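Topology and contacts: notes
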Amino acid sequence: VTKRKVSDAARRSLSRLERVLLLVPYCVQHPGVSISELAERLGATEAEIIDDLNLLFVCGLPDYTPADLMEVLIDEDRVYIRMADYFGRPLRLTRTEAIPLYVKGQALVNLLEGTTNGRGGLRELAPLRSALDKLGRALLPQEGGVAELTKRIKVQLESGEAQYLELLRDAITDHRAVDLEYYTYSRDALTRRRVEPHLVFASVGHWYMSGYCHLAQDKRMFRLDRIKSLELTDDRFEAPADADSELPPPLFYVPGPDDITVKLRATTEIAEWLSEYGGAFPPLPVQSSRDIRGGKRELVFRTSALEWVEKLLLRFGDDIEVLEPVELAERTRDAAKRILALYQRPRKK
Amino acid sequence: VQKVERLVNLIALLLNTRRPLTVEEIRNTIPGYQQEDYSSFKRMFERDKEELRSLGIPIERRFTDVWEVEEGYLISKDRYYLPELDLTPEEIAALWIGSRMVVEPGKPGKGGAMKEDQALIKLSLGLESAGDPTSPPWLRARLHLDSPALPRLLEAVAGRRRVKFAYKPAGTSKEAERTVDPYALIHRQGAWYLAGRDNMRNAVRHYKLPRITSNVTFATRDTEPDFDVPTDFSAEDDSFTEPWVGEEGATTVEVAFSPRLAWWVQQSLGLEPVGTWKDWTLVRVSVTDEEGFVSWVLGFGEDAVVRKPDRVKQAVIRRLRAAARPAAKKARART
């Protein structure tokens, strides 16, 4: 089987043809649908939809007499198509339609799985699972591929399960502020704050909420698994014009003027793990790295807080060394001593 | 006659015919084919057929009768029409959320429906109130579906097709050709990974998609599956999970968490308290990799203390002593 490339001009007429092949069943199954709804649903302008309908006036079956052609009726804004029952049902899904739909659905299932008792979850999870099941069994049975994808595609959360999703949906859609107890890992602090939630999103392995924080008097992001408690208030707020614009860049490090430069020396293995993986956090925002003698590597990155770096360093004992700043080396040693004290005098205090 | 008009008529004709139609019959019927001379008609018809097939329209070539002398074309209704899936409005609405949540660079706002939007409209035809895709999405996810190698690898994973690509491993500058049986695609920490059997090493390896430096190609030409996925393979590979995730033969470790963080441990890791230590909460975890576990527990700083067994406790203390040593002594201790 040889496949030649389809030219750009051909691709344009093909995407119009695809739209037409969807437009006809849409009109057959929804008699009296408005042109504006068609435009909205099919991602076209109203002028394009009218062009498509004009084209259909001359389409049909042999001998292409008025009795054989489709009957297209536009009454004010309402569209009726008759004599086109053979186009009453749409074309089956193609691979390029089915696979992305499936992957996205599967991703959402993965992101919602294992949600904690009662607090997590989303009412869409069960219907989503059954929808994917139906899709998988019915689509492309001859290839058998789509059903296989459930088992072969995973979107993993690193830590922290989705929770408070239903509450946050209500808060966002009703524009009601929430009160939270929140643990800031990077600064190691638990705070209470009132937040106007704008968006819930999953990124780099975690669920987040973004919104306006009254405590910070600015926009902030909150990791859902670090929310200790969340309550809906009756405090209403005005929704942002474009909540999507608040989505952060893929990696969360946004350089600030007061950031500290950290320089570490670690074994190559650990250095790789830190810059590729990072465990519970996103990978380190490494600015530069350099291999040195003895299977070691130097890493340079910037951060706005040292508390989390300190804990990261504790994890690796001798295998990692702080070159800069001196303060960080000192506080890591102090922290190690304080933790040792917990082990040495467990029953006093 | 416009091209789209010609194609719509061609589909209608082939979908409605009971027997395969010969090239001549098609030429004599479809407006737009007659006025061309035969060889340019033939080129046009071949091109049309190919383009329609590229949209997934199943044009079949069959003998016109039992004598098998002449061949003709038709579209099988069974293969053309979307099968009835009986999706409920709730199921469609759930699919819409999944489809709309994805954030992609270059995602069209109004400039045309996405492929999977079109798929969803097909699936929801005839249903009243099947979700409201026009309301602003409150739930989003960044899934890096624009990763260039992804579409081909999804197809390869779905169809169990062996693939070839050039790969540049982390920490090296030279790339090398790999031949891989793709078992699974895993999205984690903001990137896609391919898990599969490296044919040369005969072992399961993970490949980070951004490190694939060439196009991904199928290693074989026919579309049949090239391999079976081993039954013991799991997409949740343990090289990706935290060390406290236990299996059989694991050590049971008792850890105390401070009141500051105990709620997080219970809520996020699903660990149930088994007792208290001072005003701290005790939990039990099964540990297969003790060294990895020591590192993990130290990441909680002053908010976690290992209580049992003594071996693991001593390992934590050793690492803490190493971290408490001044840098100069550290250097000496190593030499």
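Quick note: structure is the one above.
Residues numbered from 1 in each chain as written. Chains lettered and ligands numbered in written order. Predicted model: local features only at pLDDT ≥ 70, side-chain atom pairs only at ≥ 80, totals over all residues. Heavy atoms only, no water.

Taken across its 9 residues, helix H9 (residues 290-298) of chain B has 7 buried, putting it largely inside the fold. Regarding H9 of chain B, the residues found buried are Gly292, Phe293, Val294, Ser295, Trp296, Val297 and Leu298 of chain B. For H9 of chain B, the elements touching its buried residues are helix H9 (307-314) of chain A together with strand S10 (251-257), helix H8 (262-269), strand S12 (280-287), strand S13 (304-308) and helix H10 (310-324) of chain B. (Buried < 20%, exposed > 50% of the residue type's maximum accessible area, 1.4 Å probe, protein only. Helix = DSSP H or I, 4+ residues; strand = E, 2+ residues; numbered from the N terminus. Contact = heavy atoms within 4.5 Å.)

The subject of this paragraph is the packing of H9 of chain B against H10 of chain B. All names here are of chain B. Viewed as axis vectors pointing N to C, H9 and H10 meet at an angle of 60°, and their least axial separation amounts to 10 Å. When the axes of H9 and H10 are compared, the pair comes out oblique. Note that H9 runs across H10; the crossing there is right-handed. In this structure, H9 contributes Glu290, Glu291, Phe293, Val294, Ser295, Val297 and Leu298 to the contact, and H10 contributes Arg311, Val312, Ala315, Val316, Arg319 and Leu320. (Axes fitted to C-alpha atoms, helices over the stretch in contact; angles between N-to-C directions. Parallel < 35°, antiparallel > 145°, perpendicular 65-115°, else oblique. Left-handed = near helix turned anticlockwise from the far one by under 90°.)

This next bit is on the sheet that holds strand S11 (residues 273-277) of chain B. Residues and elements named next belong to chain B. Pairing is antiparallel in the open sheet, where 4 strands are placed in the order S11-S12-S10-S13. Each having just a single partner strand, S11 and S13 make up the two edges of the open sheet. On average, adjacent strands in this sheet sit at an angle of 40° to one another, irrespective of strand direction. Taken together, the 7 bridges between S10 and S12 define a ladder with antiparallel strand orientation. Bridging across to S12, Thr251 finds its partner in Val287. Its contacts with the sheet put H10 on S10 and S13, and the angle it makes with S13 is roughly 145°. (Pairing = 2+ DSSP bridges.)

Counting residues in hydrophobic clusters, the biggest one holds 133 residues, and the most contacted among them are Phe87 and Trp207 of chain A. A per-element tally of this core places helix H4 (residues 95-112) of chain A first, with 10 residues. Counting 62 residues, the second-largest nonpolar core is a separate cluster that includes Ala266 and Phe301 of chain A together with Val255 and Val312 of chain B. (Core = buried A, V, L, I, M, F, W, Y, C linked by side-chain atoms within 4.5 Å.)

This part covers the packing of aromatic side chains. Residue and element names in this part refer to chain B. Enumeration according to the criterion identifies 20 aromatic pairs over all chains in this entry. With 5.8 Å between their ring centres and 40° between their planes, Phe293 and Trp296 make a pair best called tilted. Here Phe293 pairs with Trp296, and both are found in helix H9, just 3 residues apart, close to one helical turn. Considered together, Phe293 and Trp296 belong to a single accessibility category, that of buried residues. Put simply, the rings of Tyr33, Tyr38, Phe41, Phe45 and Tyr73 touch in pairs and so form one group of aromatic residues. (Phe/Tyr/Trp six-rings, centres within 6.5 Å; stacked < 30°, edge-to-face > 60°.)

On to the environment of Asp303 of chain B, then. Tracing the chain through its elements places Asp303 of chain B in the loop between H9 and S13. A relative accessible area of 4% means that Asp303 of chain B is categorised as buried. Put simply, Asp303 of chain B and Phe233 of chain B are 70 residues apart on the chain and 36 Å apart in space, counted from C-alpha to C-alpha. Residues contacting Asp303 of chain B, with those up to four places away along its chain left out, are Asp188 of chain A together with Ala256, Phe257, Ser258, Arg260, Leu261 and Trp280 of chain B.

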